[in-house]
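These are the residues of each chain, in order.
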Amino acid sequence: MRVLVLHSHPVAESYGRALYHLTVESLTKAGHEVDGCNLYDEGFDPILSAHDRQIYHDYPENTRAVSSYVERLNAAEGLVIVTPVWNFGFPAMLKGYFDRVWLPGVSFALEDGKLTPTLRHIRKLAAVLTYGATPMRAFLAGNPPKKTIKRVIRAQIKIGAPVKFMAHYDMNNCTEETRAAFMNKVRREMERF
């Protein structure tokens, strides 16, 4: 299976980056063709310009500035998102990716005010997230990243596709043991993806 792995952490030495590398390695070991998309290292521009917004609904013109990212998304059969959660949301880099790449004509069709998902070729979805917050604080805040993965993105891919959500909460108080245990969990799940 061709798996697109989206990553958004700016620090090369971070635990988040280690999770990204582990995810890519584990998927590769399992025999998948992996497209590792490290948004920071690739220099992705997350800013939706005034021009981009003006042509937002004009497919295929709306895809020209991000055509290589659209091609990679269209080629994916699996999607794994590896990212930290900051302020109960995705980093601006990843949010900008969704704003600029998941466009009308790419991730959905909009005709007569009716939205039709168009990423049905993606058959599996997983998320590997780190939170500074505890599970309870994330729950009390509504846990928007979890809802985005398990509700919004899930609704856009193949109907009934399996979704795996993995989160290391309370990174502010983590230990070497909790980080190692989470990495082992990610390794196991990605080798079974």
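Residues numbered from 1 in each chain as written. Predicted model: local features only at pLDDT ≥ 70, side-chain atom pairs only at ≥ 80, totals over all residues. Heavy atoms only, no water.

As recorded by an unreviewed UniProt entry, the chain carries the name NAD(P)H-dependent oxidoreductase and is attributed to Allorhizobium terrae. Turning to the chain, the UniProt record has this under Sequence similarities (unreviewed entry): "Belongs to the NAD(P)H dehydrogenase (quinone) family." (UniProt positions renumbered as here; feature names shortened; annotations may be inferred.)

(A) Layout of unusual backbone geometry. That bond from Y59 to P60 is cis: its omega, 5°, falls within 30 degrees of zero. Mapped onto the secondary structure, P60 falls in the loop between α2 (50–54) and α3 (67–75). The phi dihedral of N87 is positive, around 55°, even though this residue is not glycine. Within the secondary structure layout, N87 lies in the loop between β3 (78–85) and α4 (92–101). Positive phi values are uncommon outside glycine, yet D112 reaches one of about 55°. (Helix = DSSP H or I, 4+ residues; strand = E, 2+ residues; numbered from the N terminus.)

(B) Focus on the packing of aromatic side chains. Applying the stated criterion across every chain yields a total of 7 aromatic pairs. Geometrically, the ring pair formed by Y69 and Y97 is edge-to-face, given 6.4 Å between the ring centres and 80° between the ring planes. You can see Y69 sitting in helix α3 and its partner Y97 sitting in helix α4, a full 28 residues away along the chain. Using a relative accessible area of 11% as the deciding quantity, one classes Y69 as buried. Residue classification places Y97 among the buried positions, given a relative accessible area of 0%. Counting every residue linked through ring pairs, the aromatic cluster contains F44, Y69, F90, Y97, F98 and W102. (Phe/Tyr/Trp six-rings, centres within 6.5 Å; stacked < 30°, edge-to-face > 60°. Buried < 20%, exposed > 50% of the residue type's maximum accessible area, 1.4 Å probe, protein only.)

(C) Looking closely at the nonpolar core. Among the nonpolar cores identified, the biggest contains 39 residues, and L73, L79, Y97, V101, W102, I149 and I153 are the most heavily contacted of them. Contributions of two or more residues to this core are made by β1 (2–7), α3, β3, α4, β6 (124–131), α6 (144–156) and β7 (163–168). Among the elements that take part in this core, α4 stands out by supplying 5 residues, more than any other. Membership of the second largest hydrophobic core comes to 18 residues, among which are V3, L27, V80 and F182. (Core = buried A, V, L, I, M, F, W, Y, C linked by side-chain atoms within 4.5 Å.)

(D) A look at the pattern of salt bridges. In the structure shown here, the tally under the stated rule is 11 salt bridges. The partner of E33 in a salt bridge is R2, and the shortest N-O contact between them spans 2.5 Å. Residue E33 is located in strand β2 (residues 33–38), and its partner R2 is located in strand β1; the two are separated by 31 residues in the primary sequence. The class for E33 is partly exposed, based on a relative accessible area of 48%. On the basis of relative accessible area, R2 is assigned to the partly exposed category, the value being 22%. The partner of K164 in a salt bridge is E189, and the shortest N-O contact between them spans 3.7 Å. Residue K164 is found in strand β7, and its partner E189 is found in helix α7 (residues 176–191); the two are separated by 25 residues along the sequence. Relative accessible area serves as the criterion here: at 31%, K164 is assigned to the partly exposed category. (Salt bridge = Lys/Arg side-chain N within 4 Å of Asp/Glu carboxyl O.)

(E) Local environment of the pairing of β7. With 5 of 6 residues buried, β7 is to be regarded as a mostly interior element. Sheet analysis places β6 next to β7, joined by 6 bridges and oriented parallel. Residue pairing in the sheet places A127 in a bridge with F165 of β7. (Pairing = 2+ DSSP bridges.)

(F) Region of interest: the UniProt feature "domain: Flavodoxin-like fold" (unreviewed entry) in the chain. According to UniProt, the positions carrying the feature "domain: Flavodoxin-like fold" (unreviewed entry) are residues 1–152. When the span residues 1–152 is considered, its composition is 36% helix and 24% strand, and the gap between its end C-alpha atoms is 23 Å.

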